[in-house]
Amino acid sequence: MSELEKIVKKHFEAEVPKGKILARKTKDGVKYFLYTGCENPGLDIEWTGLHIGTIIGGVFQPTIEGAQLLGPSAGKNVVSVSREEAEKLMSGEEIDVETSDDGVVLLEVEGLFFGAGKSEKGKIKQFITKSRILKK
Amino acid sequence: MLNASGDFREYHQRILGSEFEEFFQAVGFRLRKAVRVNTLKTRIDFIAGVFRENRVEFGLVPWHSNAFFVSDDVTGLSFEHQLGLFFIQEAGSMIPPVVLDVKPRERVLDLCAAPGAKTTQLASDLENLGVLVANEPNYKRIRALVYNIQRCGVSNCLVTKRDGCTFYNEGVLFDKVLVDAPCSGVGTAGKNRDVLKDWSSERVKRFSGLQKKLVSSAFKSLDSGGELVYSTCTTSLEENEEVIDFLLEEFEGAEVVKVKVPGVIARKGLSPGTRKCLRIYPHLNPTGLYFIAKIRKNE
């Protein structure tokens, strides 16, 4: 079992999606990519597959797409929010939550996974890149 | 009021004849907004439900089973768009991938891929299987391409940064290739008013030279029995029929394949070798302007 599989199993009780998992060390941590295509026929590549998340300090932070793939199989650390709260989170704002342990959580609204965030002391803030922030 | 160069009028009166005035009126209009549902992430009925809930007016696009014409209030700033559940894409620009008709597990090359509307459409058709090579020579445009690939959840794509004209030197063969070529862009006059004013036969010839190199490179990258679609959003013979006639002369195994797109009224190509190609005009359809050719590589 790979490091990513172990972390995902332990923290979310979820399965890593099927396909080739590629890891790339960056200054921000180890980025993980899912690739479901055929073997690269020898091309020099700028970008491969789908970025599903980054391990920073031993903690896996799923991207929006990572959360969408892991979410349906996740058994724990999933937080359901209202549509209004989801839009706040996607806008980069914090929301208050009552029943979440501290740590990384997958975020879900009406059955739709829309990312992951950090839960701490009754508040959640979504991990979201600038280009994906919802502008009001 | 749309302003066009004298050259433009004279040239287009010659190729469009009595249809010219109607064409000229239509080509300057802003195009009707459309979205393509991203079936890698969701289903069409879910997005239809979201539109109903938000009182968005929508109607089916006849040539794509997962696309809607929508009212202008649908924007790229909406929650579902940011989640990659749909792509705002001009309905006519969905036609080249529809004509290419890729199947899951095929090896597909998108030679001029950025910003990625057609690339992500091809990925949906491939169901994230096979391989999709998305090539774009410009680094800034690669960033937009990667953003859209990521947003749409595409996991079978390899992005390359090559000059499309020499891509065949990579020595990799594909089942299908899309060449949505850079062009003089008459079809973009609705959003870029200067296109018709700046139109000149010199500019058209410059594009034509580039397009011939691109289509040759694409053809050389096809495996035997493979197919390519060549498309532009412009009108000139030099950028359309002449490019396909050049390909047919240069390569013995090249054959033009007849195409028909449901719900589209199209004119035939204007040279004897390109009668099976489509000229799609905005005065005949609720779309932009396109030329589309499908070529098979025979043994």
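What you see is a predicted model, and the numbers here were worked out from it, not measured in a lab.

So, on to unusual backbone geometry. In the segment running from Ala114 of chain B into Pro115 of chain B, the intervening peptide bond is cis, with an omega of 5°. Look at Glu110 of chain A: it is not a glycine, yet its phi comes out positive at around 45°. By the secondary structure assignment, Glu110 of chain A is in the loop between β8 (103-109) and β9 (112-120). Its identity is not glycine, yet Arg55 of chain B carries a phi of approximately 55°, on the positive side. Considering the arrangement of structural elements, one finds Arg55 of chain B in the loop between α3 (44-53) and β2 (58-60). Residue classification places Arg55 of chain B among the exposed residues on the basis of 8 C-beta atoms within 10 Å.

Per-residue confidence for chain A gives a mean pLDDT of 94; residues scoring 70 or more make up 99%. By mean pLDDT, the top-scoring element of chain A is helix α2 (residues 64-70) of chain A (98), and the lowest-scoring one is helix α1 (residues 3-12) of chain A (94).

Our next topic: the pairing of strand β10 (residues 123-126) of chain A. All names here are of chain A. By the alternation rule, side chains of β10 split into Ile124 and Gln126, which are all buried, and Lys123 and Lys125, of which none is buried. Where strand β7 (residues 95-96) lies against β10, 2 bridges are found, and the strand directions are antiparallel. Counted as the bridge partner of Asp96 is Lys123 from β10. Where β9 meets β10, 4 bridges bridge the pair, whose relative direction is antiparallel. Within the sheet, the bridge partner assigned to Lys118 lies in β10 and is Lys125. The turn linking β9 back onto β10 is made up of 2 residues, and Lys121 within it adopts a positive phi angle of 50°.

Once that is clear, we can look at the sheet that holds strand β4 (residues 86-88) of chain B. Neighbouring strands of a sheet are bound in pairs by backbone hydrogen bonds; such pairs are parallel or else antiparallel. All names here are of chain B. Pairing is antiparallel across the open sheet formed by 4 strands, whose spatial order is β2-β3-β1-β4. Two strands lie at the open edges of the sheet, namely β2 and β4, each paired on one side alone. On average, adjacent strands in this sheet sit at an angle of 30° to one another, irrespective of strand direction. With 3 bridges joining them, strand β1 (residues 34-37) and β4 adopt antiparallel strand pairing. If you follow Val35 over to β4, its bridge partner there is Ile88.

What counts and what doesn't
- Residues numbered from 1 in each chain as written.
- Chains lettered and ligands numbered in written order.
- Predicted model: local features only at pLDDT ≥ 70, side-chain atom pairs only at ≥ 80, totals over all residues.
- Helix = DSSP H or I, 4+ residues; strand = E, 2+ residues; numbered from the N terminus.
- Buried ≥ 20, exposed ≤ 12 C-beta atoms within 10 Å, placed from the backbone.
- pLDDT = per-residue confidence, 0-100.
- Pairing = 2+ DSSP bridges.
- Axes fitted to C-alpha atoms, helices over the stretch in contact; angles between N-to-C directions.

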